[in-house]
Amino acid sequence: MKKVGIVMGSDSDLPVIKKATDMLDSLGVAWEAHVYSAHRTPAQARDFAVNARANGFGVLIAAAGMAAHLAGAVAANTTLPVIGIPCQGACLEGLDALLSTVQMPSGIPVATVAVNGGANAALLAAQILAVEDALLAAKLDAKRREDAAAVLAKDAGIAEKL
Ligand code: RP5
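Along each chain, residues carry numbers from 1 onward, in the same order as the chain's sequence is written. Local features in this predicted model are restricted to residues of pLDDT 70 or higher, and side-chain atom pairs are both shown and tallied only at a pLDDT of 80 or more, whereas totals for entire chains, interfaces and linings draw on every residue. Calculation of side-chain values draws on the structure's entire complement of heavy atoms; hydrogens and water are dropped beforehand.

*Asks:* So what's going on with the overall build of the chain? Residues and values would help.
*Replies:* Of the regular secondary structure elements, the chain holds six helices and five strands. Here a strand is any run of E in DSSP of at least two residues, a helix any run of H or I of at least four, and the numbering for each starts at the N terminus. Order of helices (α) and strands (β) in the chain, N terminus to C terminus: β-α-β-α-β-α-β-α-β-α-α. All radius of gyration figures rest on C-alpha atoms, and the globule criterion is 2.2 Å times the number of residues raised to 0.38. In terms of overall dimensions, the chain is globule-like: its C-alpha atoms have a radius of gyration of 17 Å, near the 15 Å expected for 162 residues. Dimensions of the chain, computed from C-alpha atoms along their principal axes, come out at roughly 55 × 40 × 30 Å. With 162 residues in all, the chain has 40% of them scored as buried. Contact between two residues is taken to exist if any of their heavy atoms lie within 4.5 Å; hydrogens are not considered. Within the chain, contacts between residues separated by at least 24 positions form 68% of all contacts whose residues are at least 6 apart in sequence. Counting rule for charge: Lys and Arg are taken as positive, Asp and Glu as negative, and neither His nor the chain ends is counted. By convention, charge coordinates are those of NZ in Lys, CZ in Arg, CG in Asp, or CD in Glu. Computed over 13 positive and 15 negative side-chain charges, the inter-centroid distance for the chain is 3 Å. Relative accessibility thresholds used throughout: buried, under 20% of the residue-type maximum; exposed, over 50%; partly exposed, between the two (1.4 Å probe, protein chains only).

Following this line, the structure appears as structure tokens:
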């Protein structure tokens, strides 16, 4: 199976990334994570993206906060699909990172998930890999069934809570 490559702009983004790696682990998807910044270590961020396909990655996740150009910078250097996670910083409640990540000019797409959306980034990465992996697709189907059952269990108990 292809690996998921994860890049975060700073180790301060780790709580968001942990949600992604926990989800990938639960699905049995291999991942590799790095701290590479688009502005502090641009050469390393570029090299990771340029070599990602040859290094066995099938999809990349890039997480950053503030003026979050990491996902776009990674996407500029690979044609692997890139999923961007805007991370909430100290100001503006993550709107700065959301707009920086999602508003990519035409030609270099970044599939942006919600602010701090680590779990959904992992699920989307797994769904991309599952296009060519029937076992992984079955795991994703099973998770959807489990999630639906959990909601229906809440529905069954809601009257007692009111
Ligand atoms: C971004 O700046 C990082 O992705 C992080 O979200 C934010 C703050 O980084 P630190 O100052 O905490 O290293 O590049």
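Back to the text.
*Asks:* Could you give an account of the site of the ligand, with specific residues and numbers?
*Replies:* Near is defined per residue: the residue qualifies when any heavy atom it owns lies within 4 Å of the molecule or strand. Taken together, the neighbourhood of the ligand is formed by Gly-9, Ser-10, Ser-12, Asp-13, His-39, Arg-40, Ala-64 and Gly-65. Within the side chain of His-39, an N or O atom sits 3.5 Å from an oxygen atom of the ligand. Any residue outside Ala, Val, Leu, Ile, Met, Phe, Trp, Tyr, Cys, Pro, Asp, Glu, Lys and Arg is labelled polar, Gly included; the first ten of those are nonpolar and the last four are charged. For the shell around the ligand, the residue count by class is one nonpolar, five polar and two charged. N or O atoms closer than or at 3.5 Å make up a polar contact, with two conditions inside protein: a donor-capable atom paired with an acceptor-capable one, and, for residues adjacent in sequence, both atoms drawn from side chains.

*Asks:* Account for the pairing of strand β2 (residues 31-35), naming residues and giving values.
*Replies:* Strands were regarded as paired on the criterion that DSSP finds at least two bridges between them. Note: strand β1 (residues 3-8) against β2, five bridges, orientation parallel. Paired with Met-8 across the two strands is Val-35, which belongs to β2.

*Asks:* Could you give me a rundown of the pattern of salt bridges, with the residues and numbers involved?
*Replies:* When a carboxyl oxygen of Asp or Glu lies within 4 Å of a side-chain nitrogen of Lys or Arg, that pair is called a salt bridge. Evaluation of the coordinates by the stated rule reveals four salt bridges. A salt bridge links Lys-143 to Asp-147; the nearest nitrogen and oxygen atoms lie 2.7 Å apart. Remark: Asp-147 and Lys-143 occur in helix α6 (residues 134-157); sequence separation between them is four residues, near one turn of the helix. Note on Lys-143: relative accessible area 17%, which makes it buried. Using a relative accessible area of 37% as the deciding quantity, one classes Asp-147 as partly exposed.

*Asks:* Describe the nonpolar core, listing the residues and the values that go with them.
*Replies:* Core analysis: the biggest nonpolar cluster contains 26 residues, and Val-4, Leu-27, Val-29, Ile-61 and Leu-136 have the highest contact counts within it. Mapped onto this core, the elements with two or more residues apiece are β1, α1 (14-27), β3 (57-65), β4 (82-87), α5 (118-129) and α6. Leave out the neighbours within four places in its chain, and Val-4 touches Leu-24, Val-29, Ala-30, Trp-31, Glu-32, Phe-57, Val-59, Ile-61, Ala-125 and Leu-129. Tyr-36, Ala-62, Val-74 and Leu-80 belong to the second-largest nonpolar core, a separate cluster that totals 20 residues. We define a nonpolar core as any set of buried Ala, Val, Leu, Ile, Met, Phe, Trp, Tyr and Cys residues linked to one another through side-chain atoms lying within 4.5 Å.

*Asks:* Provide a residue-level description of the packing of α5 against α6, including the pertinent values.
*Replies:* Lines are fitted to the C-alpha atoms to define the axes, a helix being fitted only along its stretch in contact, and any angle between axes, read from their N-to-C directions, falls within 0 to 180 degrees. In contact at an axis separation of 8 Å, α5 and α6 are set at 140 degrees when each is read in the N-to-C sense. Classified by the interaxial angle, the pair formed by α5 and α6 is oblique. Read as a crossing pair, α5 and α6 show a hand that is left-handed. Only Leu-136, Leu-140, Lys-143 and Arg-144 of α6 make contact with α5, whose side of the interface consists of Leu-123, Ala-126, Gln-127 and Leu-129. Its residues assigned to classes, the contact of α5 with α6 shows five nonpolar, one polar and two charged. What sets the label is the angle itself: under 35 degrees gives roughly parallel, over 145 gives roughly antiparallel, 65 to 115 gives roughly perpendicular, and the rest give oblique. Crossing handedness: left-handed means the near helix sits turned counterclockwise from the far one by under a right angle, and right-handed means the same turn made clockwise.

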